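One-letter residues, chain by chain:
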Amino acid sequence: MLMKLGPFDFAIIISYFALVLGVGFWLKDKMKTSSDFLLSKRNFSHWITGIAFMSANLGALEVMGHTANGAKYGMRTAHWYWIGAIPSMVFLGLFMVRYYYSNGVRSVPEYLRLRYDHRAHILNAFSFAVITVLMSGIDMFAFAVVFQSMLGWHFTTSVILASGVVLLFVFWGGLSSSIYNEFLQFFLIVVGFLPLTFIGLHEVGGWHGLVARLPDQFVHTWKGMAGPGDPLGVPWWVMVMGIGLTAGPAYWCTDFLLVQRALAARNLDSARKTPIVAAVPKMLFPAIVVVQGMLALAIAPAIVKGNYNLALPMLMGRYYHTGMLGLGLTALLASFMSGMAGNITAFNTVFTYDIYQTYFIKNRPDHHYLAVGRIATVAGTVIACTSSYIVLYFNNLMDYMQLISILFISPFFIVFLLGMFWKRPSATAGFFGMVAGLSGATLEYILYRLGVLKFASPMAANIWMAVWGFAAGLAVTVALSFVTKPPDEEKLKGLVYSGAAQPKDPTPWYQTPEFYAVVVVVFFVALNIAFF
């Protein structure tokens, strides 16, 4: 599968490096305060933050991982784009962003400190710091494995090259550099990868030709779930509960990597529209990654079944030659850059504000925290490079990504949700609810690894893990809420739904977040019916 880059391919890749570094260098002198560097001063429109929101989710693990899932699970993979994403993104835009933005929090963990206390804050901040560097490691691995399999580049060389570029433009331009580059990278990713779908469909005789080559269970999202031959092996209600109501909302509504983009919007209206705007390309992206995974399975089953991570490299090696190969590899670079940069900018903010400034060194001049933010950027990149080698022990990127995402994010969502919509949960109830959720998810994983619990696939085990964590967190939070002293009403002002002022929106009805949400939900329902 080794291919040789021509001069035109190198020219495309070098131009891309020059562009992203140029954006960072242009912003370098504008980073005068820690707020400039870590928060971008909240000055972006919802169109830019919406695309950046989607692009931050569109790392190499999204492109390579869900292409691998498309080959392994077929159209079942679309659940992670539809039921596992769209309702949560709409909910975030209509409700949860309001509490983050209006209270002026600098991060998602900071909301937990205001709503509960330092215990919940510390647990969430440290767990989020861990997951960001692990996720960055996945992006590095995905990039390196493609360059190794297609170009023969050494794994470590690829990791150092790409991470070095990300480090420079984030070190120079902070969050603003990341958002501008994410906006540009989104369109580059689409242009670089979408042709693979059309070329592949042409080879197999269109959509109907592809469907004819695959088992019936691979071409439906809902039909036959948990039935004979189902590649995923979970019933529909577990998918709704585990992904739609637990893992999905936890990721989209409380992962600071994504919420940070909404918080960079110029006002509350733009912040609320950010995830809803992002939901449109999110719904359509299965046409690139899921369909390409199915094409890889239909065209070269022997290669793909040996290692699902090779689904995308196989298609690129088969269809892309000089010129297009450079464009495709640059698109992969863009997906890596957007995913890793998003994680690094979230990491440096949480470390600087939520950990360092809050618990270690307080009341220093602002330039001190600006320096710490830059040091955290370097440290996070180095740790992420090291964590990329962990992925070598998994034969499917998304199995690993879902594992760490569900383990470190999903157990906490119920505590966020109850805290925003119910006054009764106390600080103690919130903290021990988070501990219980994390313990429940961990217990399920241990029992699965020991062979006590049996599931049809690793992804099925991950989905069940989300259910265990959600149930444990819910039970403990609710129980302790009734046996501990409720928080002071005055403290909760603006932090819970009943006490929050409703937004006054003078804009026309067709420009409101609510109208945007209705349009998105209609398309979401239509897609689920069309591919039922």
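Residues numbered from 1 in each chain as written. Predicted model: local features only at pLDDT ≥ 70, side-chain atom pairs only at ≥ 80, totals over all residues. Heavy atoms only, no water.

In the contact formed by helix 8 (residues 155–204) and helix 17 (residues 366–387), the axes pass within 10 Å of each other and the chain directions differ by 165 degrees. When the axis of helix 8 is compared with that of helix 17, the two are roughly antiparallel. The chirality of how helix 8 crosses helix 17 is right-handed. Along the contact surface, helix 8 presents V159, S163, L167, V170, F171 and W172, while helix 17 presents R374, T377, V378, T381 and C385. (Axes fitted to C-alpha atoms, helices over the stretch in contact; angles between N-to-C directions. Helix = DSSP H or I, 4+ residues; strand = E, 2+ residues; numbered from the N terminus. Parallel < 35°, antiparallel > 145°, perpendicular 65-115°, else oblique. Left-handed = near helix turned anticlockwise from the far one by under 90°. Contact = heavy atoms within 4.5 Å.)

To continue, consider the packing of aromatic side chains. In total, this model carries 30 aromatic pairs according to the counting rule given. Taking the centre distance of 5.9 Å and the plane angle of 20 degrees together, the rings of F53 and W252 count as stacked. Taken together, the residues span a long stretch of sequence, with F53 in helix 3 (residues 46–57) and W252 in helix 10 (residues 236–254) at a distance of 199 residues. Seen from their ring centres, W82 and F531 are 5.9 Å apart, and the 40 degrees between their planes marks the pair as tilted. A residue pair is termed long-range when its members are at least 10 positions apart, and W82 in the loop between helix 4 (60–73) and helix 5 (86–102) and F531 in the segment after helix 22 (513–530) qualify at 449 residues. Among the aromatic residues, ring-to-ring pairing joins F91, F95, Y99, F421 and Y497 into one connected group. (Phe/Tyr/Trp six-rings, centres within 6.5 Å; stacked < 30°, edge-to-face > 60°.)

Residues other than glycine seldom take positive phi values, yet A226 does so here, at roughly 70 degrees. Locating A226 in the fold gives a position in the loop between helix 9 (206–213) and helix 10.

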